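Summary of structural features
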Amino acid sequence: MRPVHVVVLAAGRGSRLRDLGAGTPKWLLEVGGRPLAARHLEGVERARDVVASTSVVVGHAADGIRAWLSEEGHDDVVVIDNPEYAEINNWWSLLRALRELPDEGPVAVVNADLMVDPAAVEAFLREVATGPADALLAVDLARTLTDESMKVSRSGSGTLQRIGKIGIEAPV
């Protein structure tokens, strides 16, 4: 087993959400009566025996995330600031997080706007910790693709070729 470092990318404003994300961080938006953050962190908690650390990169409405984490007793989650969140995309957020982590162990990246069942988060983290792969990407093959869906293209041997929202005609 290789203990996993979980990184949640939650710095962006969520501009596609329009007014819904104006004052509320997208990670704290409620779906089905629960914030996305609660679902993610429940999955992390369920896999705590394989998790080395949990970090969240914040930017837009960062104080709201800090307050929520404190209120919910998630004092073990490391908060990393990305003051350039509006100018530089989420790769900069990831780089800021990676610089804070120890050099050893796999990293599992979770996008803050990912609606996922806690059991799926747990399963993903366990696979990262115990699987043989150096890189692992969770792909939902059952969901209908839309213009906003992130699409994945791979070769016949399974090698990842591209990830993106645009220009992938035949995903996975």
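Parameters and conventions
- Residues numbered from 1 in each chain as written.
- Predicted model: local features only at pLDDT ≥ 70, side-chain atom pairs only at ≥ 80, totals over all residues.
- Heavy atoms only, no water.
- Axes fitted to C-alpha atoms, helices over the stretch in contact; angles between N-to-C directions.
- Helix = DSSP H or I, 4+ residues; strand = E, 2+ residues; numbered from the N terminus.
- Parallel < 35°, antiparallel > 145°, perpendicular 65-115°, else oblique.
- Left-handed = near helix turned anticlockwise from the far one by under 90°.
- Contact = heavy atoms within 4.5 Å.
- Nonpolar A, V, L, I, M, F, W, Y, C, P; charged D, E, K, R; others polar.
- Pairing = 2+ DSSP bridges.
- Buried < 20%, exposed > 50% of the residue type's maximum accessible area, 1.4 Å probe, protein only.
- Right-handed = clockwise from strand over helix to strand, strands pointing away.
- 1 Å grid on protein atoms, 1.4 Å probe; cavity = no way out; pocket = protein on both sides within 12 Å on 5 of 7 lines; lining within 4 Å.
- Points joined across faces, edges and corners; volume = space filled by probe spheres on them.

1. Here we look at the packing of helix 1 (residues 36-46) against helix 4 (residues 118-130)
- Interhelical geometry of helix 1 versus helix 4 gives an angle of 45 degrees and a closest axis separation of 7 Å. Classified by the angle between their axes, helix 1 and helix 4 sit oblique to one another. As for the relative orientation of helix 1 and helix 4, their crossing is right-handed in sense. Contacts between helix 1 and helix 4 involve Arg-39, His-40, Glu-42, Gly-43, Val-44 and Arg-46 from the first element and Pro-118, Ala-119, Val-121, Glu-122, Leu-125 and Arg-126 from the second.
- For the contact of helix 1 with helix 4, the per-class residue count stands at five nonpolar, two polar and five charged.

2. Topic: the sheet that holds strand 4 (residues 51-58)
- Taken together, the four strands give an open sheet; going across it, the order is 5-4-1-6, and neighbouring strands pair in parallel fashion. Here the strands that pair on one side only, and so sit at the sheet edges, are strand 5 (78-81) and strand 6 (107-111). Each strand of the sheet is rotated relative to its neighbour by a mean of 25 degrees, with strand direction disregarded.
- Pairing of strand 1 (residues 4-10) with strand 4 involves seven bridges; the strand directions are parallel. If you follow Val-8 over to strand 4, its bridge partner there is Val-56.
- Each of strand 1, strand 4 and strand 6 is contacted by helix 1, which is oriented at about 165 degrees to strand 4, the strand it contacts most.
- Packed onto the sheet, helix 2 (residues 62-71) meets strand 1, strand 4 and strand 5 and runs at close to 145 degrees relative to strand 4.

3. Topic: the pairing of strand 4
- Counting buried residues along strand 4, seven of its eight residues qualify, which places the element largely inside the surrounding structure.
- The sheet contact formed by strand 4 and strand 5 spans four bridges and is parallel. Across the sheet, Ser-55 pairs through a bridge with Val-78, a residue of strand 5.
- In this fold, strand 4 hands off to helix 2, which returns the chain to strand 5; that crossover is right-handed.

4. Re the layout of surface pockets
- Of the voids in this model, the second largest pocket is the one considered here, and its volume is about 170 Å³.
- Surrounding the second largest pocket, Leu-41, Val-44, Glu-45, Arg-48, Val-51, Ser-53, Thr-54, His-74, Asp-76 and Val-77 form its lining.
- Of all elements in the fold, only helix 1 and strand 4 reach the threshold of two or more residues within the lining of the second largest pocket.
- Grouping the amino acids of the lining of the second largest pocket by side-chain chemistry returns four nonpolar, three polar and three charged.

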